[in-house]
Amino acid sequence: MTATGVTKEFNRRTIFRDVSISLSQGESLAITGRNGSGKSTLVKVVAGLLSATRGKVEYAVDGKPLEIENLRYHIGLVSPYLQLYDEFSGSENLELLSKIRSDVGIDSGRIQQVLETVGLWERRSDYVRTYSSGMKQRLKYAFAVLHRPSLLILDEPTSNLDHDGIAMVKKVVDEQKKQGVLIVATNDADEAGWCSANIELGKH
Amino acid sequence: MSQFSGTYALIRKDIHSELRTRYALNALLMFVVTAVATILFALRSDQPTSSVLSGLYWVVVFFTAMSGLSRTFVSEEERGTTMTLQLVASPSTVYFAKLLFNTVLTFSMTIAVTILYMTVFSNAFVIKTFSIFAGTVVLGSLGFASASTIIAAIVAKANTRGTLYPVLSFPILIVLLMTVMNATTKALDGEEFTSALPDFQILVGYFLAMTGGSYLLFEYVWKD
Amino acid sequence: MKFAKYGSITLITFVLVAGIAIPLSPSPQNWLQFPVIPGLEEKARNILYHVPVAWTTVVAFLVSTYYGFRYLKTRDIDYDIKSVSAAGLGFLFCFLATVTGALWAKFNWGSFWNWDPRETSIFVLLLIYGAYFALRSALETEEKRATLSAVYSMIAGITVPFFIFVMPRIMTGLHPGAKEVADPAAISKAQAIADSAIAVGSKTFADSALATVAQMNVGSAVPVVQLKMSPNMLVIFLLGLLGFTLLFIWLLNVRVRLARMEYERSTHHE
Ligand SMILES: Nc1ncnc2c1ncn2[C@@H]1O[C@H](COP(=O)(O)OP(=O)(O)OP(=O)(O)O)[C@@H](O)[C@H]1O
Ligand SMILES: [Mg+2]
């Protein structure tokens, strides 16, 4: 994945300018910076949720350039502004989102596997509405890794999580660093330390 | 292929969610009942003409649509699931799923209004040419759903959604409204099926143009 | 732009003077006489102002939509400035067209508003402009505002052909070129208009309206008011169209420059 000269403006205020990133298999990057420096904004641009004012982001899987329409099969995101459906249960959420994405090869076995990883298997058939905020965060992890994405992006990875939860996140992170690319946006030095590289926003 | 199965899955999700939360359905049904009751009070025992009745029929459909059809996008936006959906589905998947869902809603709504009308105006609201009426309701629902879907997508991004929705929709829907009112009057007056063909041409043209245009423009609305 | 400025001033002045000063004559002898159009008489002069204003409204809408389209393609905010400036002028011209039209209708057809296809179209255009600005004021982020209002004006643009081609065909109308059917509703409407014209004492118009009723009754396809312009009127009319179009171009230029300056200033303030 490469991003070249990415600039984002909102209402003519430049949030960040000329950010360039290049990451390949096995590499990881921490995005740091104070509140409002544009970490989440950069994450959205990289995830293809927001278009950059200038510059472009390109992706390649196994050396082949990836069409933006197929990006969704290869990307997983955990972030505070990404919500799951309240009126469905945990496992229903995973199932229906996977079907909407028309993933291939995601069966109930895989769903059970990720729900066990994040420790929600017992509560799988409760409505998300009834989950605590930590449980919701865990479910977001299950959703993000369900389809074994090559690019996993974590924005504020450990918010609302307990000790167990943080250990779970570490496991996911280690796993991802072996098989794909990892990006972590955070204010926490510990979390930034999980990654091999670091860029700091808002230092101009 | 994947486009198709994704669209299908998203419609199923929306219908499921609707059955659980009744976000739009209750509002729509209550609105239909309230509006028809109000018309009944207003007309008292007068015998309305067929053009008045068909006009009022579509007035009810219009305002009911305005009360409920924006939910498809607004509810995603309010619950913060827009980005989740952007992450898992292409814009065209989302567009066609929402369009079909709104078509189903509009269609159920017109059926509800028709049944109510036939009961409360059992003397005046007599469908003499059923083929015209059926064609008008089907094609009219399609056009209605098409225009309201793209406007709903726009309105969901704005901050005064409730009032903005009818304001933006009315100028777009006025051609459609005039045509369906015209055709419905013909159905009530018992005119030949062929007399409504020009109206049907307009309705088909409207639906195709609106859907094609929306499909091309949807991505700009949907993606930030 | 000098050209548009002085061109429009000259042309519109000329059209104003010529349109008012040239006398009517039942059988025009030379270029300095207008023919008498039955049912319109002196009121016919308004065509030289009303129609160009209505025309400019449509031009402004198309220009605004075109710049909206350009914005979507390029994401260059300058196109949004142009688009909204054109829409603002369109709104103004639309308002003027509605007012001049309503006044003319009052004296010609007996009431300010008759819901004939052209009147309906201009009314809808007014609504579209209103909706466009309502939408803009409900969007805070500049990029979102530019994008969504461009999309809206294009969606509204999709319905324009339906107004131009479809409505005059399914509705009965009073403007030249409207469909005329010998159906009872249209006849009774024309009759009502004739009656109201008699009531307000406009004898000539009542006559022409009654003639229309008669024509409808025999099912002939003659337009409501026959509008065949004499060559000299046509020339002035075309110059009017050109003059108002140039006026639009000039005003648009002024507005765009002004909007750019305001834009620059608000950028520096931050
Ligand atoms: N939709 C938007 N419209 C206008 N401004 C925005 C929008 N989204 C973000 N911003 C602005 O962009 C800047 C960066 O926001 P962002 O959420 O990326 O910060 P962050 O680095 O993630 O902060 P935090 O550490 O609090 O998560 C902020 O100043 C914010 O006000
Ligand atoms: Mg953030």
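Everything quoted here is computed from the prediction, not taken from an experiment.

Account for the environment of L239(C), naming residues and giving values.
Position of L239(C) relative to the elements: it lies in helix α8 (residues 231–269). It is 6.5 Å that separates the C-alpha atoms of L239(C) and L11(C), two residues lying 228 residues apart in sequence.

Which residues make up the interface of chain B and chain A, and what values do they have?
Taken together, the contact pairs 24 residues of chain B with 27 residues of chain A. The junction of chain B with chain A conceals about 2,300 Å² of combined surface from both sides, 63% of it contributed by carbon and sulfur atoms. The three residues of chain B that bury the most area against chain A are R20(B), L87(B) and V88(B), which together make up 32% of that side's buried surface. There are two salt bridges connecting chain B and chain A. Residues E87(A) and R79(B) are paired through a salt bridge, measuring 2.5 Å at the closest nitrogen-oxygen approach. Joining chain B to chain A, the criterion identifies ten residue pairs in polar contact (both at pLDDT 80 or more). Looking at the side of chain B that touches chain A, the element that brings in the most residues is helix α1 (residues 2–21) of chain B, giving ten residues. When its residues are assigned to classes, the side of chain B that touches chain A shows seven nonpolar, eleven polar and six charged.

Residues and numbers for the environment of L188(B), please.
Residues and elements named next belong to chain B. Structurally, the position occupied by L188 is in helix α8 (residues 161–189). Sequence separation between L188 and T114 is 74 residues; the distance between their C-alpha atoms is 12 Å. The residues contacting L188, other than those within four sequence positions of it, are S50, L53, S54, F125, V126, I127 and K128.

Break down the side chain of R79(B) for me, citing the residues and quoting the values.
Looking at the secondary structure, you find R79(B) in helix α4 (residues 71–79). At 2.5 Å, the side chain of R79(B) forms a polar contact with the side chain of E87(A).

Go over the interface of chain B and chain C with me, naming the residues and quoting the values.
Listed by partner, the interface residues are 31 residues for chain B and 29 residues for chain C. For the chain B and chain C pair, buried surface summed over both sides reaches about 2,500 Å², with 81% attributable to carbon and sulfur atoms. When residues of chain B are sorted by the area they lose upon contact with chain C, M178(B), L217(B) and Y220(B) head the list and together hold 24% of the total. The tally of links between chain B and chain C comes to zero salt bridges. Here chain B and chain C share four residue pairs in polar contact (both at pLDDT 80 or more) between them.

Tell me what's going on with the packing of aromatic side chains, and back it up with residues and numbers.
Two numbers describe a pair of aromatic rings. These are the distance of the centres and the angle of the planes. Enumeration over the complete set of coordinates arrives at 25 aromatic pairs over all chains. Taking 6.3 Å as the distance between ring centres and 90 degrees as the angle between the ring planes, the aromatic pair formed by Y85(A) and F88(A) counts as edge-to-face. Given the relative accessible area of 2%, F88(A) is considered buried. On the numbers, 5.4 Å between centres and 45 degrees between planes, the contact of Y95(B) with F218(B) is tilted.

So, the packing of helix α6 (residues 91–120) of chain B against helix α7 (residues 130–155) of chain B: which residues are in play, and what are the values?
All names here are of chain B. It is at 8 Å that the axes of α6 and α7 come closest, and there the two elements cross at 135 degrees. Our classification of the angle between α6 and α7 gives oblique. At the point where α6 passes α7, the crossing takes the right-handed sense. The residues of α7 that touch α6, namely those facing Y95, K98, L99, N102, T103, T106, F107, T110 and T114, are F133, V137, V138, S141, L142, F144, A145, S146 and T149.

Run through helix α2 (residues 90–100) of chain A, naming residues and quoting values.
Residues and elements named next belong to chain A. When you tally the buried positions in α2, you get eight out of eleven residues, the bulk of the element. For α2, the complete set of buried residues consists of G90, S91, N93, L94, L96, L97, S98 and I100. Just beyond α2, the residue with positive phi is S102, at close to 50 degrees.

Quick rundown of the confidence of the model for chain C? Include the residues and the values.
Looking at chain C as a whole, its pLDDT mean stands at 77, while 71% of the residues score no less than 70. Per-residue pLDDT stays below 50 along residues 197–224 of chain C; that stretch engages in 40 contacts with residues further than four places along the chain or on separate chains.

Would you mind going over the pattern of salt bridges in detail, with residue names and values included?
For the coordinates displayed, the defined rule picks out 15 salt bridges over all chains. E92(A) is paired through a salt bridge with R20(B); the nearest N and O atoms lie 2.9 Å apart. Of this pair, E92(A) sits in helix α2 while R20(B) is found in helix α1, placing the two residues in two different chains. You can call R20(B) partly exposed: its relative accessible area is 30%. Among the ionic contacts, a cluster of salt bridges with common partners joins K13(B), D14(B), E76(B) and K98(B).

An account of the sheet that holds strand β8 (residues 151–155) of chain A is requested, with residue identities and associated values reported.
For sheets, the rule is that strands pair by backbone hydrogen bonds, running either parallel or antiparallel. Residues and elements named next belong to chain A. Judged by pairing direction, the sheet is parallel, and its five strands sit side by side in the order β7-β8-β9-β3-β10 without closing on themselves. Taken across any chain shown, the strands that pair with only one partner, and hence form the sheet edges, are β7 (75–78) and β10 (197–200). Each strand axis lies, on average, 15 degrees off the axis of its neighbour in the sheet, ignoring direction. Each of β7 and β8 is contacted by helix α4 (residues 133–145), which is oriented at about 175 degrees to β7, the strand it contacts most.

Explain unusual backbone geometry to me, using residue names and the numbers behind them.
As a rule of thumb, non-glycine residues mostly have phi less than zero, and peptide bonds are mostly trans rather than cis. Even without glycine at this site, E156(A) takes up a positive phi of about 50 degrees. On the basis of relative accessible area, E156(A) is assigned to the partly exposed category, the value being 37%. The phi angle at R75(C) is positive, at roughly 60 degrees, despite the residue not being glycine. Tracing the chain through its elements places R75(C) in the loop between α2 (47–74) and α3 (77–109). Of the residues examined, R75(C) reaches a relative accessible area of 41% and is grouped as partly exposed.

Quick notes on the rules
Residues numbered from 1 in each chain as written. Chains lettered and ligands numbered in written order. Predicted model: local features only at pLDDT ≥ 70, side-chain atom pairs only at ≥ 80, totals over all residues. Heavy atoms only, no water. Helix = DSSP H or I, 4+ residues; strand = E, 2+ residues; numbered from the N terminus. Contact = heavy atoms within 4.5 Å. Buried area = accessible area lost by both parts, 1.4 Å probe. Salt bridge = Lys/Arg side-chain N within 4 Å of Asp/Glu carboxyl O. Polar contact = N/O pair within 3.5 Å; in protein donor to acceptor, adjacent residues only side chain to side chain. Nonpolar A, V, L, I, M, F, W, Y, C, P; charged D, E, K, R; others polar. Phe/Tyr/Trp six-rings, centres within 6.5 Å; stacked < 30°, edge-to-face > 60°. Buried < 20%, exposed > 50% of the residue type's maximum accessible area, 1.4 Å probe, protein only. Axes fitted to C-alpha atoms, helices over the stretch in contact; angles between N-to-C directions. Parallel < 35°, antiparallel > 145°, perpendicular 65-115°, else oblique. Left-handed = near helix turned anticlockwise from the far one by under 90°. pLDDT = per-residue confidence, 0-100. Pairing = 2+ DSSP bridges.

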